[in-house]
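Chain by chain, the residues:
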Amino acid sequence: PCLMLMTVVYYRNAINSSFLRFVIGPIFILVGVGASYLLIRSLGTSVQSYKLDTLAQTAEGFRSWHTYLGKTEGGSSYSIGGDIQYTPLGILKQAPVAIVTTLFGPFVWQIRNFVMLLSGVESLAFLYFTVQLLFNRKIYRLLNVLFADPIVVFCLAFILILSIAIGLTSFNYGALVRYKIPILPFFATAIILIKYHLNENKAVR
């Protein structure tokens, strides 16, 4: 899905007419999202473990097991509040908390050992650069940046999708810290590229 969105933005930007880009852009994005959904559905019919129903059952299993370990063995478990329904609406409802927990957890008040301290410092650094970016005086150009750089689109889509998946399945900071390792280089790349585009002298197309 991330590659398809990146491709859509790339070919949209190849159109010289700003009017056509404005009109065709949403259509391209809908086509990319639709193709991604069909691809996932097709993959699920070929590989049992990638079926949406199977993924939901696996996620529920992870949640129950890690919550049990946290209560019985004092593990570094966490909660994102309330019972989670692994339905599209349920996932969408809990997505913001899952994203924040994945990208910026463990938080300072949740640190229990030296390893968590290192992870907490890492998360605090990413939180600092994210907040610094959001308070950039040219943040009003952010939407232009998102539609101008296909690499940024790929990075953000990858970050958001994987953050939701990790946040809604780990429920243990030991597991979460390991699972989110693939996100970090894309997160750093997105921050660097967005900051670069916002600080460019010329307007982003």
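Scroll up to find the structure.
Residues numbered from 1 in each chain as written. Predicted model: local features only at pLDDT ≥ 70, side-chain atom pairs only at ≥ 80, totals over all residues. Heavy atoms only, no water.

Chemist: Let's hear about helix 1 (residues 2-13): which residues, and what values?
Modeler: Relative to the 16 Å expected for twelve residues at 1.5 Å per residue, helix 1 spans 17 Å between its end C-alpha atoms, a close match to the ideal helical length. Turning to helix 1, its buried residues are Cys2, Val8, Val9, Arg12 and Asn13. Buried residues along helix 1 cover an arc of 125 degrees about the axis, so they all sit on one side. Facing away from the buried side of helix 1 by over 90 degrees, the exposed positions are Leu3, Tyr10 and Tyr11. (Helix = DSSP H or I, 4+ residues; strand = E, 2+ residues; numbered from the N terminus. Expected span 1.5 Å × (residues − 1). Buried < 20%, exposed > 50% of the residue type's maximum accessible area, 1.4 Å probe, protein only. Arc of directions from axis to C-beta.)

Chemist: Can you tell me about the packing of aromatic side chains, naming the residues and giving the values?
Modeler: On inspection of all chains with the given rule, the structure shows eight aromatic pairs. Centre to centre, the rings of Phe126 and Phe187 are 4.9 Å apart; their planes meet at 10 degrees, and the pair counts as stacked. Of this pair, Phe126 sits in helix 5 (residues 114-134) while Phe187 sits in helix 9 (residues 183-198), and the two are 61 residues apart along the sequence. Classification of Phe126 by relative accessible area gives buried; the value is 15%. Look at Tyr128 and Phe129: their rings are 5.3 Å apart centre to centre, the planes differ by 70 degrees, and that puts the pair in the edge-to-face class. When its relative accessible area of 49% is taken as the criterion, Tyr128 is described as partly exposed. One aromatic cluster is present, formed by Phe104, Phe126 and Phe187 through successive ring pairs. (Phe/Tyr/Trp six-rings, centres within 6.5 Å; stacked < 30°, edge-to-face > 60°.)

Chemist: Talk me through the packing of helix 1 against helix 7 (residues 150-167); I want residue IDs and the actual numbers.
Modeler: Packing of helix 1 against helix 7 leaves a shortest axis separation of 8 Å and a crossing angle of 155 degrees. One element, helix 1, and the other, helix 7, form an angle in the roughly antiparallel class. Between helix 1 and helix 7 the crossing geometry is right-handed. Where helix 1 abuts helix 7, its residues Cys2, Leu3, Leu5, Met6, Val9, Tyr10 and Asn13 lie against Pro150, Ile151, Val153, Phe154, Ala157, Phe158 and Ile161. Broken down by class, the residue content of the contact of helix 1 with helix 7 amounts to 13 nonpolar, one polar and no charged. (Axes fitted to C-alpha atoms, helices over the stretch in contact; angles between N-to-C directions. Parallel < 35°, antiparallel > 145°, perpendicular 65-115°, else oblique. Left-handed = near helix turned anticlockwise from the far one by under 90°. Contact = heavy atoms within 4.5 Å. Nonpolar A, V, L, I, M, F, W, Y, C, P; charged D, E, K, R; others polar.)

Chemist: Would you mind going over the nonpolar core in detail, with residue names and values included?
Modeler: Among the nonpolar cores identified, the biggest contains 24 residues, and Leu103 and Phe187 are the most heavily contacted of them. Only helix 4 (88-104), helix 5, helix 7, helix 8 (173-179) and helix 9 provide two or more residues apiece to this core. Considering each element in turn, this core owes the most residues, five residues, to helix 9. Excluding residues within four positions of it along the chain, Leu103 makes contact with Ser123, Ile159, Ser163, Lys180, Ile183 and Phe187. Counting five residues, the second-largest nonpolar core is a separate cluster that includes Leu133, Val152, Ile194 and Leu198. (Core = buried A, V, L, I, M, F, W, Y, C linked by side-chain atoms within 4.5 Å.)

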